[in-house]
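Spelled out, the chains give:
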Amino acid sequence: MTIAVQGYATHSPTDELAPFTFERRDPRPQDVVIDILYCGICHSDIHFARNEWGWTQYPFVPGHEIVGRVAAVGKEVSKYKAGDLVGVGCLVDSCRHCTSCSDGLEQYCENGFTGTYGGEDKIGGTPHKMTFGGYSDKITVDERFVLRIPNNLDLAAAAPLLCAGITTYSPLRHWKVGPGQKVGVIGLGGLGHMGVKFAHAMGAHVVMITTSPKKGEDARKLGADEVLLSKDAAAMEAAQNSFDFLLNTIPVGHDVDPYMALLKRDATMVIVGAVEPLTNVSGIPLIFQRRSMAGSLIGGLPETQEMLDFCGEHNITCDIETITIKDVNAAYDRTVKGDVKYRFVIDMASLKA
Ligand code: NAP
Ligand code: ZN
Ligand code: ZN
């Protein structure tokens, strides 16, 4: 027995997303079955759907910013019961015994984590060899990979916390961003707008670094103290050697040196966006001020729960545009053009319409 699921999938890099039915495994004793209420559209969904990273297998069902209500639980599940509001992010499985998994850093699992979509389904129980994501009405997930959503948060606006939220929260925490620091967030999109909110909530002086002059006013409303236009060479030069930390969310390969030059001695720029080769990465900005460039991948389960609880305490959610599933293809094009404030979220009730 499996669970029949309705969703949206694409079948090639150039096909549009369209209705698709598939199967989820029948719940094991440790599984939670979730009725999906909302799912955010991450830029990674688009990279994947269009095979921009070269490793997509089709059919492909995107979606890893999932919020829903527990429909049923297996008999060994202790943390959740039917009716609970829960989330699922980018991970649905990992080896659970390597050093990273033991440290609660499942995203760095040494034996390879299972992504919520496009991952090899090691648990099985369906005819599909791959995992299928949250653009669908139901998902079955091991309780270890399920998160609790604080009751006070708007559910649709909480969905993007599961990826955009944790991807920006984790490096800000790891590099100990806080009061007295000048922090730059590069790129005002889904990730960037959450980076600004979190850095502000953590007490830093926040600078939005953007290519888009018209986003300046919004950035201030989100919590930025200053706006720096990256295309303004004079302003970029004047800001050199002044930042304690940079969070770089640019979604494509780009010249790195102009950003590295903004850092103070010993400061770090963390790349979370670009997977492609970075260009103009010269040794000079690194060597002369002992600066660092680093990367960061989403966050592990314990830190994702910590981030959600932090959002509950500080009343932080995402700025979203809610859409119906039939508008998903148009939403992809608008996201690529930077025409969204600042995350699309699909109301999954529209799947039944
Ligand atoms: P998004 O909503 O499209 O935002 C990206 C922003 O970057 C844009 O709004 C734009 O902001 C800026 N930008 C776009 N193209 C640029 C260019 N060529 N040069 C400079 N700036 C540019 O994307 P997102 O959902 O935030 O995702 C950002 C990236 O992070 C994607 O590549 C995604 O796959 C990746 N990601 C990584 C992780 C991880 O774990 N590391 C997790 C989730 C997503 P301005 O208009 O302000 O310049
Ligand atoms: Zn994502
Ligand atoms: Zn592991």
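Parameters at a glance
Residues numbered from 1 in each chain as written. Chains lettered and ligands numbered in written order. Predicted model: local features only at pLDDT ≥ 70, side-chain atom pairs only at ≥ 80, totals over all residues. Heavy atoms only, no water. Buried < 20%, exposed > 50% of the residue type's maximum accessible area, 1.4 Å probe, protein only. Helix = DSSP H or I, 4+ residues; strand = E, 2+ residues; numbered from the N terminus. Pairing = 2+ DSSP bridges. Donors = N, O, S within 2.8 Å, 3.2 Å for Na, K, Ca; no water. Tetrahedral: all angles 85-135°; square planar, octahedral: opposite > 155°, others 65-115°. Contact = heavy atoms within 4.5 Å. Near = heavy atom within 4 Å. Polar contact = N/O pair within 3.5 Å; in protein donor to acceptor, adjacent residues only side chain to side chain. Areas by Shrake-Rupley, 256 points an atom, 1.4 Å probe, with all protein chains shown as cover. Nonpolar A, V, L, I, M, F, W, Y, C, P; charged D, E, K, R; others polar. Domains from an automatic or database assignment. Buried area = accessible area lost by both parts, 1.4 Å probe. Salt bridge = Lys/Arg side-chain N within 4 Å of Asp/Glu carboxyl O.

J.: How should I be thinking about the pairing of strand β13 (residues 243-248) in this particular structure?
T.: Taken residue by residue, a regular strand's side chains alternate between the two faces of the sheet. By the criterion of burial, β13 is predominantly enclosed, with 5 of the 6 residues buried. Where strand β10 (residues 182-186) lies against β13, 4 bridges are found, and the strand directions are parallel. Following the sheet pairing, V183 is matched in β13 by F245. Sheet analysis places β13 next to strand β14 (residues 263-271), joined by 5 bridges and oriented parallel. Across the sheet, residue F243 finds its bridge partner in β14, namely L263.

J.: How do you make sense of the coordination of the zinc ion (ligand 3) when you look at a structure like this?
T.: In a perfect tetrahedron of four donors around a metal, the angles come out at 109.5 degrees. In a perfect octahedron of six, they are 90 or 180 degrees. Donor atoms from the polypeptide that coordinate the zinc ion (ligand 3) comprise C95 (SG), C98 (SG), C101 (SG) and C109 (SG), at 2.3 to 2.4 Å from the metal. Classification of the site at the zinc ion (ligand 3) as tetrahedral follows from its 4 donor atoms and the range of 104 to 119° in their angles at the metal. Each donor residue of the zinc ion (ligand 3) belongs to the same chain, with the gaps between them written as C-x2-C-x2-C-x7-C. A single burial state applies to C101 and to C109, both of which are buried.

J.: Mind showing me how you'd approach helix α4 (residues 164-174) here?
T.: Residues lying three or four places apart along an α-helix face the same way, a consequence of the helix completing one turn every 3.6 residues. Within α4, 9 of the 11 residues are buried, leaving the element largely enclosed by the surrounding structure. The set of residues buried in α4 consists of A164, G165, I166, T167, T168, Y169, S170, P171 and L172. On its buried face, α4 sits against β10, α5 (190-201), β13, β14, α10 (301-314) and β17 (343-347). Just downstream of α4, K176 is the residue with a positive phi angle, here 55°.

J.: Is there a simple way to explain the coordination of the zinc ion (ligand 2) in this structure?
T.: For the zinc ion (ligand 2), every protein donor is listed as C42 (SG), H64 (NE2) and C163 (SG), and the spread of their distances is 2.0 to 2.2 Å. The sequence motif formed by the donor residues of the zinc ion (ligand 2) is C-x21-H-x98-C. Within this pair, whereas C42 is found in the loop between β3 (31-40) and α1 (43-49), its partner H64 is found in the loop between α1 and β4 (66-73), the two being separated by 22 residues in sequence. With respect to class, C42 is no different from H64; both count as buried.

J.: Is there a simple way to think about the site of ligand 1 in this case?
T.: Among the 27 residues in the neighbourhood of ligand 1, the closest are listed as H43, T210, T211, S212 and R343. In this structure, G190 approaches ligand 1 through a main-chain N or O atom, which is 2.9 Å from an oxygen atom. Side-chain polar atom of T210 to an oxygen atom of ligand 1: 2.5 Å apart, as the coordinates give it. Protein chains shield 86% of the accessible area of ligand 1, which is 920 Å² for the free molecule. Residue contributions to the shell around ligand 1 peak at 3 residues, all from α1. Here the shell around ligand 1 is built from residues that sort into 11 nonpolar, 14 polar and 2 charged.

J.: What exactly am I supposed to notice about the domain arrangement of the protein chain here?
T.: Many descriptions give the size of an interface as the accessible area lost when the pieces come together. Each assigned domain of the protein chain is listed here: domain 1 (2-163 + 299-352) and domain 2 (165-295). Placing the centre of domain 1 and that of domain 2 at their C-alpha centroids yields a distance of 27 Å. Facing the 23 residues of domain 1 at the interface are 22 residues of domain 2. Around 1,900 Å² of area is buried between domain 1 and domain 2 when both sides are counted, 60% of it from carbon and sulfur atoms. Remark: the boundary between domain 1 and domain 2 carries 3 salt bridges. With a closest N to O distance of 2.6 Å, D319 and K197 form a salt bridge. Here domain 1 and domain 2 share 14 residue pairs in polar contact (both at pLDDT 80 or more) between them. When residues of the side of domain 1 that touches domain 2 are traced back to their parent elements, those giving at least two are α1 and α10. For the side of domain 1 that touches domain 2, the element with the most residues is α10, which contributes 6 residues.

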